[in-house]
Each structure stands twice: as C-alpha cells, then as structure tokens.
Amino acid sequence: MKKTLLALAVLTAAGSANAGINLYDANGVKVDLSGAVEVQLYDGYEKNADSTIRLDDGDLSLNASIAISDNLNVVSGTAFKYESKEVKNDELWAGFSGDFGTLTFGRQLLVSDDSGIGKDYEMGLEQISFVQTEGDRVAKYVYDNGTFYTAISHDMDTDHSTTITDGRVGFRTGGLDVRVYGYDGKRIGLQGLIDTGETVDGKPIIIPGKAGDDIRGYNLEAEYAMGAVNLAASFGQMKYKESDTKKVQKDLDLYEVNGSYTLEKTTFALGYVHANGHHAGKGKVQHDNVYANVTQQLHSNVKAYAEVGYSDNDKVFADVEEFGYVAGLEVKF
C-alpha cells in the first residue's frame, strides 16, 4: 500500500532507533530490526574518579507497519536496553498512522525526549533536563507535514503515581528549524513505600518513600543549517518543587549556543551552556560549561569521536572536577 512508507517515516516519532535491517516486506506488512552499541573511554566531571571503560548504549528494536488501507496503517514497536547485564524492555507500543499523523499507546518515549540542541556526547553539563522522558502508560500523537510539526504525549496516572504531559510545536523553512517544548510533570521520582529488607517479629519494615518532585518548564530552540555549517541556540526555564510541600528546589534559566562544521566525513563541534537561578539551601547560583568534540564517520553505520569539556566549579557543583573527556565508538544497524 502506498501509505506504508509514511508509517515507516514516522516510526521514529514513537521509537528510539532508526529502522536498520528489513526482515520482511510483503502483502502490506513490513518488519524492521535495528540496534546500537556504543562503548567509551570515559573520565567525567566526578571528583577523584579514574578513567574507565563505559558501556553507554546497547539497544535492540523491532518495528512493524501493517497497511490496513491506502490511508491507514497499524504500527507497533518493541525495544530492549542492555547497557548493564540486566535486559530491560523500555518500549512496547502500538497505534495507527496515516495522513493525520501517528497515534501510539504503551511503553514509549515522551515527546520531550527529543528536546535540546546539544552537540555534546557527555561533557555538556546543566543543559535542559526534564528528568523523566519515558513512561509505561503513554498516549502520544505526532504530526509532521515537512514544514509544520506538532506533538503531544501524556503518561497517565495510576493511583496517584507519576503523571507527565508534554508537547512541542515547530516550523521549518529553508535551513531554519524553530520549535518550542513544554513539560508538566507531577510526582517525578515518586517512591511510595519502601521495603527496607529488614524484619521485626517476622514482619517486613516498610518506610515512606520520596514524594517526588513537580517539574515544569519549557525550552525554545532554533537551528540553522547552511551547507557544511550548522548553528543552534536555545533558551529554557525549569522549576522543580517538592510534590508534598511545594517547596521550590531549583528554579533555573538555561541558555545554550553551539555550532558545527563538517568537512567530508569529519565534523567539528563547539558548544557553550550557561545556567543561572536559585537552588534550595544554596541561594543564587550560576554555572558555565564549554565542550568541544570531533567526530569521524567511518561508515554510514559507524562513527568514532573524542570530546573534552570544561565546567566552572560553582557551589552547585562542588563535587565535580573542572575538566572531563570522553572517546567513543558507536555502531548502528
């Protein structure tokens, strides 16, 4: 069916990996397998930490599109992460796509997972962070006609658990891409009751957990591409409150500018991040971060990179070093 390609084009709106290997394509049914492996030599900003081999990414995704008619497809996806020895199913969703866009339900990434303009790998510090950008009970809608695009997602409440509503609106013309993300999360990091693992008279000791935080904010982003040069800038505001007491933990303004230049298969990038605002117990704070990296595209599916970063040692980050670096190899299929 002619709309099958449209469904595949929008699968990345619901899943985290691009389709790589086609496993089946017949009778209106298309199934694709994709994966990623990334390993790094890493020495971050943590004080007194030695360089280490870091397993940064391990993903395996299976996506399907089934044409119901010329204007409607059923799409689905499942994905697994295995950066640690434990395998975690982090995506399990299904939905519909067509000229109207893509509507999916289930365990998936939220719209805000795409936010941010950072060109860093690991050394960008205190950039826009919505803390939690995935959920198990997510309804998500994505529309993109090439010029105008919009999306909204909602992680549904279950017995006063974490809830999140976020979205974006964007516009493209020529090499310019401008969009804004909004985020409203309730009880982020909620722990509820915690089993201490100890017992008294044979009964487990249960203690109250963390009430979580209410997190609200937005990020306005703009990118401009002209040939080998890509420039980007963003401004965001974030507020973090304790869910039970409503006490403000952080209230930040976040600025970032960066640029990159690509020469054949080599890309050079430089970025600057500035944050200022208030932290509970620390008063007014500000922070500056600079990072630079070079990426070599060894193959369309393989890249190697090296990055260095500098962070001023403000009182908010008293437990970090000023310099960090990372070198990595990423393989996708």
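Read on for a plain summary of the structure. (Residues numbered from 1 in each chain as written. Predicted model: local features only at pLDDT ≥ 70, side-chain atom pairs only at ≥ 80, totals over all residues. Heavy atoms only, no water.)

Details of the overall build of the chain
What counts is decided by this rule: A run of DSSP states H or I qualifies as a helix once it reaches four residues; a run of E qualifies as a strand once it reaches two. Both are numbered from the N-terminal end. Categorising residues by exposure relies on relative accessible area from a 1.4 Å probe, with only protein chains included: less than 20% of the type maximum marks a residue as buried, more than 50% marks it as exposed, and the intermediate range marks it as partly exposed. In this description, accessible areas are obtained by the Shrake-Rupley approach with a 1.4 Å probe, and a residue is regarded as covered only by the protein chains that are shown.
When you go through the chain residue by residue, the secondary structure sums to one helix and 19 strands. When each of the 333 residues of the chain is scored for burial, the buried share is 41%. Roughly 17,200 Å² of accessible area belongs to the chain as shown, and the carbon and sulfur atoms make up 58% of that amount.

Let's talk about the pattern of salt bridges
Once the charged atoms of two side chains with opposite charge are near each other, the side chains can pair. Applied cut-off: Here, a salt bridge means any Lys or Arg side-chain nitrogen found within 4 Å of an Asp or Glu carboxyl oxygen.
One pass over the structure, following the stated rule, counts 17 salt bridges. The closest approach of N and O atoms between Arg-168 and Asp-114, which form a salt bridge, is 3.3 Å. In this pair, Arg-168 is assigned in strand S9 (residues 163–173) and Asp-114 in the loop between strand S6 (101–109) and strand S7 (134–144), connecting sequence segments 54 residues apart. We classify Asp-114 as partly exposed; its relative accessible area is 41%. Within the structure, one salt-bridge network assembled from shared partners comprises Asp-144, Arg-172, Asp-177, Arg-179, Glu-221 and Glu-223.

Quick notes on empty space enclosed by the protein
Where we set the bar: As defined here, a cavity is a set of points on a 1 Å grid over the protein atoms alone where a 1.4 Å probe fits but cannot get out. A pocket is an open set with protein on both sides within 12 Å along at least five of seven lines, and residues line them when an atom is within 4 Å of a point. Grid points are joined across faces, edges and corners, and a volume is the space filled by probe spheres set on the points. By the convention adopted, Pro, Cys, Tyr, Trp, Phe, Met, Ile, Leu, Val and Ala count as nonpolar, Lys, Arg, Asp and Glu as charged, and the other residues, Gly among them, as polar.
Taken as a whole and assessed by the stated rule, the structure comprises two cavities of 30 Å³ or more. The volume enclosed by the largest cavity comes to roughly 50 Å³. Lining the largest cavity, in full, are Glu-126, Gln-127, Ile-128, Asn-219, Ser-234, Gly-236, Leu-254, Tyr-255, Glu-256 and Val-273. Every element with two or more residues in the lining of the largest cavity is listed here: strand S14 (229–242) and strand S15 (248–263). The leading source of residues in the lining of the largest cavity is S15, at three residues. Of the residues assigned to the lining of the largest cavity, the class counts are four nonpolar, four polar and two charged.

Observations regarding the pairing of S15
Threshold: At least two DSSP bridges between two strands are required for those strands to pair.
Sheet topology places S14 next to S15; 13 bridges connect them, and they run antiparallel. Its bridge partner being in S15, Leu-231 is matched across the sheet by Gly-259. Hairpin geometry of S14 and S15 is characterised by an intervening segment of five residues between the two adjacent antiparallel strands and by a positive phi of about 65° at Lys-246. Note: S15 against strand S16 (residues 266–279), 14 bridges, orientation antiparallel.

A closer look at the pairing of strand S19 (residues 323–332)
As judged from the eight bridges shared by strand S2 (residues 29–43) and S19, these two strands associate in the antiparallel manner. Each bridged residue has a counterpart across the sheet, and for Tyr-42 the counterpart in S19 is Val-326. In terms of strand pairing, strand S18 (residues 302–311) meets S19 through nine bridges, oriented antiparallel. Across the sheet, the residue bridging to Ala-304 is Leu-329, located in S19.

Details of the side chain of Ser-234
Quick reminder of the rule: The contact criterion used is simple: two residues touch if any of their non-hydrogen atoms lie within 4.5 Å.
Relative to the helices and strands, Ser-234 is located in strand S14. Overall, Ser-234 belongs to the buried group, its relative accessible area being 11%. Ignoring sequence-local partners within four residues, the contact set of Ser-234 consists of Ile-117, Asn-219, Leu-220, Glu-221, Leu-254, Tyr-255 and Glu-256.

Some remarks on the packing of aromatic side chains
So the rule is basically this: Planes of paired rings set the category: under 30 degrees apart is stacked, over 60 is edge-to-face and the rest tilted, where pairs are Phe, Tyr or Trp rings (Trp by its six-membered ring) whose centres lie within 6.5 Å.
Tallied over the full model, the rule gives five aromatic pairs. A centroid spacing of 4.8 Å and a plane angle of 15° characterise the contact between Phe-130 and Tyr-183, whose relative ring orientation is stacked. Here Phe-130, found in the loop between S6 and S7, pairs with Tyr-183, found in strand S10 (residues 176–188); they are 53 residues apart in sequence, far enough to count as distant. For the pair Phe-130 and Tyr-183, one class covers both residues: buried. The interplanar angle of 45° and the centroid separation of 4.9 Å between the aromatic rings of Phe-235 and Tyr-255 together place this pair among those described as tilted. Here Phe-235 is found in strand S14, whereas its partner Tyr-255 is found in strand S15, with 20 residues between them in sequence. What makes Tyr-255 partly exposed here is its relative accessible area of 35%. Feature note: the residues Tyr-218, Phe-235 and Tyr-255 constitute an aromatic cluster, connected by ring pairs.

A word on unusual backbone geometry
In this model, Val-131 sits at a positive phi of 65°, which is unusual for a non-glycine residue. Within the secondary structure, Val-131 is located in the loop between S6 and S7.

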